[in-house]
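Listed below, chain by chain, are the residues.
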Amino acid sequence: MSLFVEPSSPTAAHEAARDLVPRIAARAGHYDAEGAFPREDFADLRARRLLGLMVPVELGGFGASFADYAAVATELAGGAGSTALIFNMHASVTGALAHTPEELLRQLGAPESCFAARDRLLSAAADGALYSVAMSERGTGSRLSRTTAEFRRRDGGYRITGSKAFVSGAGHADAYLVTAKDADAAEPKVSYFLVPAGEGIRVEPTWDSLGMRATGSHDVHFAVSVGADALLGGIEGITLLVAQVMPQWLVASYAAVYVGVARSALREGGAHLRERGLHTLPTVRSRMGRADAAVAAADAVVREASRRVAQRPGEPETNRWVWRAKLIAGDTAAAVASSVLEAAGASATRRGHPLERIYRDARCGALQPATSDVCADWLGVAALGGDPDDETESPRW
């Protein structure tokens, strides 16, 4: 039977992702042990045209909302956290392209040519192009205001130089979303560029991590010339503004992934406990009960945040839910995986056991930007009546 799926609706995409979970889960241990990019998983995603999840229907995609994305990402993470995380990065690019309001871009001065470039990139994603995010840097992390990669205007285009870290899917992406600052500006003026893979890009294999080992999040070095249409939105210097006004792709998209990872801890933990005959112990049942409630609570918060983003993006209360979702999902995944692993016992800590891998993957959720501490601080300022985007000694981004 052919694996090809014709895009029709976000519901069809969700069903296709759910059907993939057993296949992805069966391969997750192998890719984790090898620290290798999950090629077969992405072959399956392409066959189902799921790389076009966020692409409008008229351009060949499923026309998904942020809430639809969250549902799909949660399903995929239930099979393999690394695969879902790479998919998240791709969806962050395509989702931002598809969902940034045209009227906002026009008000900011975007040229008409940027919309044709946007549609071309989205159509390519629907046809299977994979996009990666090259934003973080060694020593500064994901703080956009500390970006050291630079761009200079050259011959109707740009010359981009610099190095990026934690680039998930490095070496397998068709293009990279690169943040770079204007080398000639006195103040940080950071822009997004979508840089095609090819000459001038070097992947340095540095990724050997605790968790999410199959993401291939290597360092990537850029010394590349691009055309003017590589500037996303056709406007220089809007990166920090977009990060503050609509933070969902930079903050809350991770949340759905870690809810899925937490769900997988419940699934694999339950299977292990029943197999070992430990499921009748009251202490084990109470641990699993608390874990179940915690996952359900995190899922509810992520769903609410996703619903608000889909319906009222950029509103202050929506953004509060965005930050809540990332904080709760990251912390919950780590706590649930730890508790379930303790209930399962030492045998589940052996390399190759699903719970051992899930525990390591879950531990990464609170560390990814925005970290749990950053999220909690943002929410604390808001709870105290302040402006969390401005009331800080140094920029959050």
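Residues numbered from 1 in each chain as written. Predicted model: local features only at pLDDT ≥ 70, side-chain atom pairs only at ≥ 80, totals over all residues. Heavy atoms only, no water.

### Observations concerning the side chain of Arg 49
Logical step 1: Locating Arg 49 in the fold gives a position in the loop between helix H2 (39-47) and helix H3 (66-79).
Logical step 2: Residue class for Arg 49 comes out buried when judged on its relative accessible area of 17%.
Logical step 3: Here the side chain of Arg 49 touches Ala 126 through a polar contact of 3.1 Å, landing on its backbone oxygen. (Helix = DSSP H or I, 4+ residues; strand = E, 2+ residues; numbered from the N terminus. Buried < 20%, exposed > 50% of the residue type's maximum accessible area, 1.4 Å probe, protein only. Polar contact = N/O pair within 3.5 Å; in protein donor to acceptor, adjacent residues only side chain to side chain.)

### Structural notes on H3
Logical step 1: Look at H3: 20 Å from first C-alpha to last across 14 residues, which is about the 20 Å you get at 1.5 Å a residue.
Logical step 2: Counting buried positions over the 14 residues of H3 gives 11, a clear majority of the element.
Logical step 3: Every buried residue belonging to H3 is among Phe 66, Tyr 69, Ala 70, Val 72, Ala 73, Thr 74, Glu 75, Leu 76, Ala 77, Gly 78 and Gly 79, and all of these are buried.
Logical step 4: Here the buried face of H3 lies against helix H1 (10-34), H2, helix H4 (81-99), helix H8 (253-275), helix H9 (282-311) and helix H11 (354-363).
Logical step 5: The backbone nitrogen of Ala 67 has a side-chain oxygen 3.3 Å away, supplied by the residue at the start of H3, namely Ser 65. (Expected span 1.5 Å × (residues − 1). Contact = heavy atoms within 4.5 Å.)

### Quick notes on H8
Logical step 1: The end-to-end C-alpha separation of H8 is 35 Å, in line with the 33 Å expected for 23 residues at 1.5 Å each.
Logical step 2: The element H8 is extensively covered by neighbouring structure, given that 17 of its 23 residues are classed as buried.
Logical step 3: Looking at the residues trailing H8, positive phi occurs at Gly 277, about 70°.

### So, the nonpolar core
Logical step 1: Judged by nonpolar contacts, the single largest core of 98 residues is most densely connected at Leu 50, Leu 53, Tyr 69, Phe 87, Val 257, Tyr 258 and Trp 323.
Logical step 2: Here this core takes 13 residues from helix H10 (residues 316-344), the largest share from any one element.
Logical step 3: Excluding residues that lie within four positions of it along the chain, Tyr 69 makes contacts with Leu 53, Met 54, Phe 87, Asn 88, Ala 91, Trp 249, Ser 253 and Val 257.
Logical step 4: Core analysis: the second largest hydrophobic core is formed by 20 residues, Tyr 158, Val 195, Val 220 and Val 226 among them. (Core = buried A, V, L, I, M, F, W, Y, C linked by side-chain atoms within 4.5 Å.)

### Digging into a nonpolar patch on the surface
Logical step 1: Taken together, the side chains of Leu 108, Leu 241 and Val 245 define a hydrophobic patch exposed on the protein surface, amounting to about 220 Å² of accessible area.
Logical step 2: Following the sequence through the fold, Val 245 ends up in helix H7 (residues 239-245). (Patch = residues over 30% accessible without salt bridge, like charges linked within 9 Å, V, L, I, M, F, W, Y side chains within 5 Å. Areas by Shrake-Rupley, 256 points an atom, 1.4 Å probe, with all protein chains shown as cover. Salt bridge = Lys/Arg side-chain N within 4 Å of Asp/Glu carboxyl O.)

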